[in-house]
Amino acid sequence: MDKVNTDIPTKVNWEEVRAQFPVLRQKVNGKPLVYLDNGASSQMPQSAIDRIDAYHSHEHANVHRGIHSLSQHATDAYEATREKVRKLINARYLEEIIYTTGTTDSINLVASSYGRKYFREGDEILVSEMEHHANIVPWQLIAEQTGARLKVIQMNEHGELIMDSFYQQLSEKTKMVAVVHVSNALGTINPIEEIINAAHEKGAKVLIDGAQAVPHSVVDVQELNADFYAFSAHKMCGPTGFGILYGKKEILEEMPPYRGGGDMIDKVTFEKTTWNDLPFKFEAGTPPIAAGVGFGAGIDFLNSVGMDNIAAREQELVDYATGKLSKIDGLTIVGTAEHKASVISFLLDGIHPTDAGTILDKEGIAVRTGHHCAQPVMEHFKIPGTLRASISFYNNEDDIDRLVEAIEYTKEFFG
Amino acid sequence: MDIQEVQDRIIREFGLFEDWTEKYKHIIKLGSKLDTLPEEDHTESNLVKGCQSQVWLTADLEGDKVIFKADSDAAITKGLVALMVTFYSGQSPDTIIGTNPEFINKIGMAQHLSPTRANGLASMVKQMKIYAMAFKAKLAT
């Protein structure tokens, strides 16, 4: 991710791309909306909205069950997304793509299924200080059940992982390293290739939380060689309630089911039940079919713009915003890692982030305020929370200028 | 003062403001004038759970009236907290239990009292009523 191509191809008309997002064409509190909360949830292009609408209007039936045409059609549409995801992240096999309800669910699946089978008393799980709660709590739960221990990779004052801290704690006892690719609270891009290789040398498996990485860059799971990679549809032009767990086939095959129910079985008797093959072993019950179909359209849209182009454009916008925000008196950027993507967290002197967020909202600016579900990060910097502007390719320089003006106004307001 | 009179007074006071800027500035001013809690009362046990801004609340019984004191680390929340203290403090437990802060709607601040709002104000009102119930039980013994 740190080798982003910064030559912006002239072929993309970014204003035309932006025009595909109907939600952006509205006023909030009487002001044109500036949406800078993409890290929490991105918006959907018209094509994905239309696809979900068409599915509900003409194609809806349950999947994987019916012999009737509608069910077959729904199954085809739903399963087509799996191939799109496989291609997007360059997984080797289709059955390595597990549908979940989101990154949180994906991580819980691994912690619960892999952890229950393999973690023993005295084993260690290595997470980092900058993890989202979703990549801390599932490990704590399984640690409690298995007697494994959670260890924490520290970070420095820029919000970068201290690699010495990682190497000092990595040992033969380490069974799992669970690290975020791009920090949702700080924007830091972590050196996950190095982490993955070092962990493998010690025989540990690695899970990468890619929720903030896949939407903004080209991710190749084979090249990374991660054992597990998790992300969400709703942060990348898709709907909520849908996400992906990538896992290496040979590992997934050895893992027990996570939830029981329909679709995940091979044969059920009261004496013994055998499991369906991958990926269905992990997909019990009727899934969010419309969301899966809509996510497919979201991926098509991202591909039509080009992930390379998206990464380069977002880097350009992040650089523009960082430059502008750095010039504001009394504004401190929290998280100044050398390699950063899409997220800018900041504080205003003497103004609580919640207060600032309230005034920014009145000015039509949507940013996130608070601890961003990463309380240990806030604890590290001894702050109650931050304001976070998270940028997507459909934002533009004008959005950043409006943010800057609104921040100046906020300062005056509380001045 | 009768709690309905307090309510009417707050509504009249906010009726003077033309736009949100004036209203919010007034709320912040109310917060800055609030007789705040001393630092030693900023304890975990006085903390009202809210996701983003923090609210601390204490309650004492003076005669048959409940006296609330509160504080917040955020200016707008603190102003809203001040309004709630003005409204409920000095009232009897029964009055507190039986009266909802309807003025919040009337002054156009309803969104801040929504239970899904992360500022702790809804939890604060709930906590004030719990204190009132406890004092009511105490007075009855």
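Rules and cut-offs
- Residues numbered from 1 in each chain as written.
- Chains lettered and ligands numbered in written order.
- Predicted model: local features only at pLDDT ≥ 70, side-chain atom pairs only at ≥ 80, totals over all residues.
- Heavy atoms only, no water.
- Buried < 20%, exposed > 50% of the residue type's maximum accessible area, 1.4 Å probe, protein only.
- Helix = DSSP H or I, 4+ residues; strand = E, 2+ residues; numbered from the N terminus.
- Pairing = 2+ DSSP bridges.
- Polar contact = N/O pair within 3.5 Å; in protein donor to acceptor, adjacent residues only side chain to side chain.
- Contact = heavy atoms within 4.5 Å.
- Axes fitted to C-alpha atoms, helices over the stretch in contact; angles between N-to-C directions.
- Parallel < 35°, antiparallel > 145°, perpendicular 65-115°, else oblique.
- Left-handed = near helix turned anticlockwise from the far one by under 90°.
- Nonpolar A, V, L, I, M, F, W, Y, C, P; charged D, E, K, R; others polar.
- Buried area = accessible area lost by both parts, 1.4 Å probe.
- Salt bridge = Lys/Arg side-chain N within 4 Å of Asp/Glu carboxyl O.
- Phe/Tyr/Trp six-rings, centres within 6.5 Å; stacked < 30°, edge-to-face > 60°.
- Lys NZ or Arg CZ within 6 Å of the ring centre and 35° of its normal.
- Domains from an automatic or database assignment.

K.L.:
Help me get a handle on the pairing of strand β17 (residues 386-390) of chain A, residues and values and all.
P.N.:
All names here are of chain A. For β17, the tally of buried residues reaches five of five residues, placing the bulk of the element in the interior. Residue alternation in β17 divides its side chains into two sets, Thr386, Arg388 and Ser390 and Leu387 and Ala389, and both sets are buried. In terms of strand pairing, strand β14 (residues 343-348) meets β17 through four bridges, oriented antiparallel. Note on β17: the bridge partner recorded for serine 345 is arginine 388. Of the strand pairs in this sheet, strand β16 (residues 368-370) and β17 are connected by three bridges, and their pairing is antiparallel. Across the sheet, the residue bridging to threonine 369 is leucine 387, located in β17.

K.L.:
Any chance you could break down the side chain of histidine 371 of chain A for me, citing the residues and the numbers?
P.N.:
Mapped onto the fold, histidine 371 of chain A is located in the loop between β16 and α13 (375-381). A polar side-chain atom of histidine 371 of chain A sits 3.2 Å from a polar atom in the side chain of glutamine 375 of chain A.

K.L.:
Talk me through the environment of tyrosine 320 of chain A; I want residue IDs and the actual numbers.
P.N.:
Residues and elements named next belong to chain A. With respect to the helices and strands, the residue tyrosine 320 is situated in helix α11 (residues 307-326). Distance in space between the C-alpha atoms of tyrosine 320 and asparagine 90 is 31 Å, their sequence separation being 230 residues. Not counting the four nearest positions on each side in its chain, tyrosine 320 is found in contact with Glu397, Ile400 and Asp401.

K.L.:
Go over the packing of helix α4 (residues 103-118) of chain A against helix α5 (residues 137-146) of chain A, please, and point to the residues and values.
P.N.:
Residues and elements named next belong to chain A. Between α4 and α5, the least distance of the axes is 9 Å, while the angle of their chain directions is 15°. Judged by the inter-axis angle, α4 sits roughly parallel to α5. Of the two elements, α4 crosses α5, and the hand of that crossing is right-handed. Between α4, through Ile107, Asn108, Val110, Ala111, Ser112, Gly115 and Arg116, and α5, the contact on the second element is made entirely by Pro138, Trp139, Ile142 and Thr146. Each residue belonging to the contact of α4 with α5 can be placed in one class, and the counts come to six nonpolar, four polar and one charged.

K.L.:
Describe the interface of chain B and chain A, naming the residues involved and giving the relevant values.
P.N.:
By a frequent convention, interface size equals the accessible area lost on bringing the separate parts together. On the chain A side, the residues contacting the 16 residues of chain B number 13 residues. Overall, the association of chain B and chain A removes approximately 1,200 Å² of surface from exposure, summing both partners, and the carbon and sulfur fraction of that is 62%. Its largest share of buried area at the contact with chain A, chain B owes to Trp20, Gln52 and Ile76 of chain B, together 46% of the area lost on that side. Inspection of the chain B/chain A interface yields zero salt bridges. Between chain B and chain A we count three residue pairs in polar contact (both at pLDDT 80 or more) in total. Within the residue set of the side of chain B that touches chain A, elements represented by two or more residues are α2 (20-33), α3 (75-88) and α6 (110-113) of chain B. Tallying contributions element by element places α2 of chain B first for the side of chain B that touches chain A, with five residues.

K.L.:
Could you give me a rundown of the packing of aromatic side chains, with the residues and numbers involved?
P.N.:
Residues and elements named next belong to chain A. Evaluated as defined, the whole model comprises 25 aromatic pairs over all chains. Every member of this aromatic cluster is reached through a ring pair, and the members are Trp14, Phe21, Phe301, Phe393 and Tyr394. Positioned over the ring face of tyrosine 99 is arginine 82, at 4.0 Å from the centre of the ring. Here lysine 249 stacks its cationic end above the ring of tyrosine 93, 4.4 Å away from the centre of that ring.

K.L.:
Quick one: what's the story with the pairing of strand β4 (residues 97-100) of chain A, residue by residue and with numbers?
P.N.:
Along any regular strand, the residues point their side chains to alternate faces of the sheet. All names here are of chain A. Burial of the side chains of β4 extends over both faces: Ile97 and Tyr99 are buried on one face and Ile98 and Thr100 on the other. Of the pairings in the sheet, the one linking β4 to strand β10 (residues 243-247) comprises four bridges and is antiparallel in character. The residue bridging isoleucine 97 from the neighbouring strand is tyrosine 246, located in β10.

K.L.:
Residue-level account of the sheet that holds β17 of chain A, with values.
P.N.:
All names here are of chain A. Reading across the sheet, the four strands line up as β13-β14-β17-β16 and stay open at both edges, with antiparallel pairing between neighbours. The open sheet has two edge strands, β13 (331-334) and β16, and neither has a second partner. Averaged over neighbouring strand pairs, the angle between their axes works out to 30° when direction is ignored. By the bridge criterion, four bridges tie β13 to β14 in an arrangement that is antiparallel. By the bridge assignment, valine 334 is partnered in β14 with serine 345.

K.L.:
Any chance you could break down the domain arrangement of chain A for me, citing the residues and the numbers?
P.N.:
Residue and element names in this part refer to chain A. The domains assigned to chain A are domain 1 (14-45 + 306-413) and domain 2 (49-303). Computed from C-alpha atoms alone, the centre-to-centre distance between domain 1 and domain 2 is 27 Å. Every contact between the two is made by 41 residues of domain 1 and, on the other side, 38 residues of domain 2. When domain 1 packs against domain 2, close to 3,200 Å² is buried across both sides, 59% of that on carbon and sulfur atoms. Ranking the residues of domain 1 by area buried against domain 2 places Met44, Pro45 and Met307 at the top, with a combined share of 20%. Inspection of the domain 1/domain 2 interface yields zero salt bridges. Put simply, domain 1 and domain 2 have 26 residue pairs in polar contact (both at pLDDT 80 or more) between them. Elements with a contribution of two residues or more to the side of domain 1 that touches domain 2: α11, β14 and α13. For the side of domain 1 that touches domain 2, the element with the highest residue contribution is α13, accounting for six residues. For the side of domain 1 that touches domain 2, a count of residues per class yields 21 nonpolar, 15 polar and five charged.

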